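Take a look at the letters that make up each chain.
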Amino acid sequence: MMVTREEVARALEQVKLPASGQSLTASGRLSDILVNGDKVMVAIAIDPTEAAAMEPVRAAAQSAIGGVPGVGQALVSLTADRPTGPPTGAMRPPPSTQPHVAPGRPTQPPSPKAATIPGVRHVIAVASGKGGVGKSTTACNLALALAANGQRVGILDADIYGPSLPKLFGLHGKPRVVSGRTLAPLEGYGVKVMSIGFMVEEETPMIWRGPMVMSAITQMLREVAWGELDVLVVDMPPGTGDAQLTMAQATPLAGAVIVSTPQDLALIDARRGVAMFRKTEVPILGIVENMSYFIAPDTGNRYDIFGHGGARKEAARLGVPFLGEVPLDMALRERSDSGRPIVATDPSSPHSLVYREVARQVWASLSGTGDVTIKPPPAIIIE
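Conventions we followed
Residues numbered from 1 in each chain as written. Predicted model: local features only at pLDDT ≥ 70, side-chain atom pairs only at ≥ 80, totals over all residues. Heavy atoms only, no water. Helix = DSSP H or I, 4+ residues; strand = E, 2+ residues; numbered from the N terminus. Buried < 20%, exposed > 50% of the residue type's maximum accessible area, 1.4 Å probe, protein only. Contact = heavy atoms within 4.5 Å. Areas by Shrake-Rupley, 256 points an atom, 1.4 Å probe, with all protein chains shown as cover. 1 Å grid on protein atoms, 1.4 Å probe; cavity = no way out; pocket = protein on both sides within 12 Å on 5 of 7 lines; lining within 4 Å. Points joined across faces, edges and corners; volume = space filled by probe spheres on them. Nonpolar A, V, L, I, M, F, W, Y, C, P; charged D, E, K, R; others polar. Expected span 1.5 Å × (residues − 1). Arc of directions from axis to C-beta. Polar contact = N/O pair within 3.5 Å; in protein donor to acceptor, adjacent residues only side chain to side chain.

K.L.:
Quick rundown of the overall build of the chain? Include the residues and the values.
P.N.:
Helix and strand counts for the chain stand at 11 helices and 14 strands. With 383 residues in all, the chain has 51% of them scored as buried. Taking all contacts inside the chain whose residues are at least 6 apart in sequence as the whole, residues at least 24 apart take part in 73%. Of the roughly 17100 Å² that the chain leaves accessible, carbon and sulfur atoms contribute 55%.

K.L.:
Which residues make up empty space enclosed by the protein, and what are the values?
P.N.:
Throughout the structure, instances matching the rule amount to 2 cavities of 30 Å³ or more. The volume enclosed by the largest cavity comes to roughly 90 Å³. As for the largest cavity, its lining consists of Met-41, Leu-75, Arg-181, Leu-183, Ile-196, Met-199, Ala-216, Gln-219, Met-220 and Glu-223. Considering each element in turn, the lining of the largest cavity owes the most residues, 3 residues, to helix H5 (residues 210-222). Of the residues that constitute the lining of the largest cavity, the class distribution is 7 nonpolar, 1 polar and 2 charged.

K.L.:
Before we move on, can you summarise helix H2 (residues 51-66) with the specific residues and values?
P.N.:
Each turn of an α-helix holds 3.6 residues, which means side chains three or four residues apart point in the same direction. An ideal rise of 1.5 Å per residue puts 22 Å on 16 residues; H2 measures up with 22 Å between its terminal C-alpha atoms. Taken together, the buried positions of H2 are occupied by Met-54, Val-57, Arg-58, Ala-61, Gln-62 and Ile-65. Buried residues of H2, seen end-on, are gathered within an arc of 140 degrees and therefore sit on one face of the element. Every exposed residue of H2 that faces more than 90 degrees away from the buried side is listed here: Ala-52, Pro-56 and Ser-63.

K.L.:
Any details on unusual backbone geometry? Residues and values, ideally.
P.N.:
With a phi close to 65 degrees, Glu-281 is a non-glycine residue in the positive phi region. Positionally, Glu-281 belongs in the loop between helix H7 (264-279) and strand E12 (284-295). At Met-291, a position not held by glycine, the phi torsion is positive, near 55 degrees. For Met-291, a relative accessible area of 18% puts it in the buried group.

K.L.:
Describe the side chain of Ser-195, with residues and values.
P.N.:
Along the chain, the position of Ser-195 falls in strand E9 (residues 191-195). With a relative accessible area of 0%, Ser-195 lands in the buried category. There is a polar contact of 3.0 Å between the side chain of Ser-195 and the backbone nitrogen of Gly-197. Filtering out sequence-adjacent residues up to four positions away, Ser-195 remains in contact with Asp-157, Pro-163, Pro-166 and Met-220.

Structural data, given as structure tokens:
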């Protein structure tokens, strides 16, 4: 039986708000109702102070949608923006409760409204100020490099409009429901993976408004059986718009890695990314220069197609770590396109060693367990 938005809206008319007695559909709090086969997703907008009071409303809405004929799964979440700083006069936690900050990386702790994820020690974002700079490829190989270095790792594809991780990891199929609303992540090369791409057809356009996007990200972040993880890598949407800002505010991020190419146009957007995370009190773990240069496999000649060294100079100017240079390479592109990421399938390659070194620096910064002095990346030799 085909489920319609009108049927869902009628079911939600029976759900009343506790204070006013107004129906949920008439309250103006609902996002667009998304129907995908037998799955229905909707978000309820709230003020952060209403979270506890509105939880019964969320549960009632989910139950009401679940009673609509043809609905197999109902996903309802509460969404709220948090303030960018504490109210005037608010007290910060005492020093003993603040997270460790590695030397040279002063920052403020995340807002207490960004609740931690059970079992996950650190959540980090891999972000870019614009698309097309290789952010998802970097996120994929960084996650695999962290795992290769001995950490327990998961990765979340928060790029709702252009999910790439299913292809990069070569994964297919839908996550199974563990219990209630909780989904089990898929696993690729020893890394736990969750993406909206597992739940929609590859060619289905994601025509969603902001609240719906945040609802989906929140569910994939908090209603997934991640288990015990040292690091959860979040592949962020490109840009610095509302979805990215809300993600940075609502997620307990321990830090962010910014991906850029060397050219000035990309670096302008990288600056915006750094500024956004600083505004939301998220530490910058460093900048990666992707597509740094190209070595022709037939002649061995080096070409700085997008320029070279721009990200390193920008990192120095902004006072953030420079994590390394990843060259433009056909093998890296071919393996990514075929779902065989280079760190997992060619771990001894020079490119894998670059990602391993980036991962070492990121983990040292997160854990405070070692020297995070930047070492020169290994030379890339094409034979």
